[in-house]
Amino acid sequence: MLFGKSLVNYFYKYKRKVYQNVYTITKRNTATCSPPKILFFGTDNFSLPSLQALHRNCGDGLGVVTSFKSPANCVRSYAEQQKIPLQRWPINSSQCAGFDLGVVVSFGHLIPANIIGAFPSGMINVHASLLPRWRGAAPIIYAIMNGDTSTGVSIMKIEPHRFDIGDILAQREVAIKPDVFMPELHTSLALLGADLLVDTVNNLTERLENATPQDNATASHAPKITAEIAEVIWSKHTALQIHARHRALFGYKNLTTNFLEKQVQLLDIRLPDKSLPLQKPGSFSFHRKRKSLLIGCAEESQIEVLQLRIEGRKPMRARDFNNGFLKQASSLNFEDNKLRAC
């Protein structure tokens, strides 16, 4: 999965809460037999609660594989602090010897067939969606962006050569609040995934015997996020769609538009709580009482912008934008970027 620096900071803001939840997770998930020896593959803050939960659950029967590229790798830091055996990716099949099961959580690398086959019980993955919906790198973002009312986590078998196609061992569903921002849902699903993972490994034989194939006909995809996703097309996107996209990308990318041939990032936006004068798509005016820019969107809808940043300048409030730019501007219209959003 892909998450920016500010999202990492958001996650660590709730670090104490995560540790408390992980303790609760492992306390209530008791095994029907001894847990398998696990080699864990992960790299980021979505992985960390699962690693912590497995560490409490499996004790010494745990090893970690991660990338050493990023100095801010929380999985590596935790493994080093807790003195969990740590290996640097890539590895070979001989380095899997002595482990029963491979567990992958937000790892970001395709696992070769010889590595998958090196584990007697194969490999399983924690994925942040109710598969087969939102296969791919950014399921949380696509769920919010597309207005889904529920999502969840899936534990699936890993198959060679392709991501997110394996049989499902377990799933758990949660509602998506209509005003949720991506970091909050990300944290919730990371904890939920850790909970379901411990339950799955503690009952692994039963879960593997009862695994169900995915229905490929109903699959949808959540590919890696590109710059085009953040581009607003005022004549195409409604205010609800723009606000959903803002919440989905929050902490990772800012929505963008153009003004006087410069890129503008929309940092803080909201949906109006009452009817306001209509604007054509892309047209805007400064609303003095509300201290916001009111911008017309598709289907006669409107969005308010409270804070923005013009290319080459620091973030500014809508009032400062009005005082510094609008009074001299010949056009009060935001324009579509040269690249077109999907």
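Anything mentioned here points back to the structure above.
Scope of this entry: the structure provided in the associated data block. Bear in mind that the values here come from a model prediction, so they are computed numbers and not experimental data. (Residues numbered from 1 in each chain as written. Predicted model: local features only at pLDDT ≥ 70, side-chain atom pairs only at ≥ 80, totals over all residues. Heavy atoms only, no water.)

Quick look at the overall build of the protein chain now. What the protein chain contains, in helices and strands, is ten helices and 13 strands. Among the 342 residues that make up the protein chain, the fraction classed as buried is 52%. Taking contacts inside the protein chain between residues at least 6 apart in sequence as the whole, the part at least 24 apart equals 66%. When the accessible surface of the protein chain is summed, it comes to about 16,400 Å², and 49% of that surface belongs to carbon and sulfur atoms. (Helix = DSSP H or I, 4+ residues; strand = E, 2+ residues; numbered from the N terminus. Buried < 20%, exposed > 50% of the residue type's maximum accessible area, 1.4 Å probe, protein only. Contact = heavy atoms within 4.5 Å. Areas by Shrake-Rupley, 256 points an atom, 1.4 Å probe, with all protein chains shown as cover.)

Another aspect to go through is the pairing of strand β11 (residues 292-297). Most of β11 is tucked away: six of the six residues are buried. Of the two faces of β11, the one holding Ser292, Leu294 and Gly296 and the one holding Leu293, Ile295 and Cys297 are both buried throughout. By the bridge criterion, four bridges tie strand β10 (residues 284-287) to β11 in an arrangement that is antiparallel. Its bridge partner lying in β11, Phe286 is registered against Leu293. Connecting β10 to the antiparallel partner β11 that follows it, the hairpin turn spans four residues, and Lys291 within it adopts a positive phi of roughly 55 degrees. Two elements, β11 and strand β12 (residues 301-310), share five bridges in a ladder whose sense is antiparallel. Paired with Gly296 across the strands is Gln302, a residue of β12. What sits between the antiparallel neighbours β11 and β12 is a turn of three residues, in which Glu299 has the positive phi angle 60 degrees. (Pairing = 2+ DSSP bridges.)

Turning our eyes to something else, we now look at the nonpolar core. The biggest cluster of nonpolar side chains holds 73 residues, and the ones touching the most others in it are Leu293 and Phe321. The dominant element in this core, judged by the number of residues it contributes, is helix α7 (residues 182-202), at eight residues. Non-local contacts of Leu293, meaning those with residues more than four positions away in its chain, are made with Phe284, Ser285, Phe286, Ile303, Glu304, Val305, Leu308, Ala318, Phe321, Leu326 and Phe334. Within the second largest apolar cluster, 15 residues are counted, among which are Ile91, Ile111, Phe119 and Met123. (Core = buried A, V, L, I, M, F, W, Y, C linked by side-chain atoms within 4.5 Å.)

Another point: the pairing of strand β8 (residues 255-259). For β8, the buried fraction is high: five of the five residues fall into the buried class. Where β8 hands over to strand β9 (residues 262-270), the hairpin turn is made up of two residues, of which Leu260 adopts a positive phi near 50 degrees.

Attention shifts here to the packing of helix α3 (residues 48-58) against α7. Between α3 and α7, whose axes approach to 8 Å, the crossing angle comes to 35 degrees. Regarding α3 and α7, the two cross each other, and that crossing is right-handed. Where α3 abuts α7, its residues Pro49, Ser50, Ala53, Leu54 and Asn57 lie against Ala190, Leu191, Gly193, Ala194, Leu197, Val198, Val201 and Asn202. Among the residues making up the contact of α3 with α7, the classes are represented as nine nonpolar, four polar and no charged. (Axes fitted to C-alpha atoms, helices over the stretch in contact; angles between N-to-C directions. Left-handed = near helix turned anticlockwise from the far one by under 90°. Nonpolar A, V, L, I, M, F, W, Y, C, P; charged D, E, K, R; others polar.)

Moving on: the environment of Arg309. Secondary-structure assignment places Arg309 in strand β12. Measuring from C-alpha to C-alpha, the distance between Arg309 and Asn254 comes to 9.8 Å, with 55 residues separating the pair along the chain. When sequence neighbours within four positions are dropped, the list of residues in contact with Arg309 reads Asn254, Gln263, Val264, Gln265, Leu267, Lys314 and Pro315. There is a polar contact of 2.5 Å between the side chain of Arg309 and the side chain of Gln265. (Polar contact = N/O pair within 3.5 Å; in protein donor to acceptor, adjacent residues only side chain to side chain.)

Attention now moves to the pattern of salt bridges. Opposite charge on two side chains permits pairing when their charged atoms draw close. Tallying each qualifying case throughout the model produces nine salt bridges. A salt bridge links Glu80 to Arg76, with the nearest nitrogen and oxygen atoms 3.0 Å apart. Of this pair, Glu80 and Arg76 are both found in helix α4 (residues 74-82), four residues apart, which corresponds to roughly one turn of the helix. What makes Arg76 partly exposed here is its relative accessible area of 25%. Taken together, the salt bridges that share partners define one network made up of Arg270, Asp273, Arg290 and Glu304. (Salt bridge = Lys/Arg side-chain N within 4 Å of Asp/Glu carboxyl O.)

Taking strand neighbours across the sheet as the criterion, the seven strands line up as β3-β2-β1-β4-β5-β6-β7 in an open arrangement whose pairing is mixed. With partners counted over all chains shown, the strands left at the sheet margins are β3 (86-88) and β7 (168-175), one partner each. Mean inter-strand twist for the sheet, computed between neighbouring axes without regard to direction, equals 20 degrees. Note: strand β4 (residues 101-105) against strand β5 (residues 123-127), four bridges, orientation parallel. The partner of Val105 across the bridge, within β5, is Val126. Each of β1 (38-42), β2 (62-66) and β3 touches α4; the most contacted strand, β2, lies at about 145 degrees to it. Contacts from α7 reach β1, β4, β5, β6 (150-157) and β7, with the element oriented near 35 degrees to β6.

The final tally for this structure, using the stated rule, is 14 aromatic pairs. Plain terms: the ring middles of Phe259 and Phe284 are 5.7 Å apart, the flat faces sit at 65 degrees to each other, and that makes the pair edge-to-face. Residue Phe259 is found in strand β8, and its partner Phe284 is found in strand β10; the two are separated by 25 residues along the sequence. For Phe259, a relative accessible area of 2% puts it in the buried group. Connected via pairs of aromatic rings, a cluster forms that spans Trp234, Phe259, Phe284, Phe321, Phe325 and Phe334. Over the face of the ring belonging to Phe68 we find Arg76, whose NZ or CZ atom lies 3.9 Å from the ring centre. Positioned above the aromatic ring of Tyr252, the side-chain terminus of Lys253 is 5.4 Å from the ring centre. (Phe/Tyr/Trp six-rings, centres within 6.5 Å; stacked < 30°, edge-to-face > 60°. Lys NZ or Arg CZ within 6 Å of the ring centre and 35° of its normal.)

Any link to function would need more than the numbers given here.
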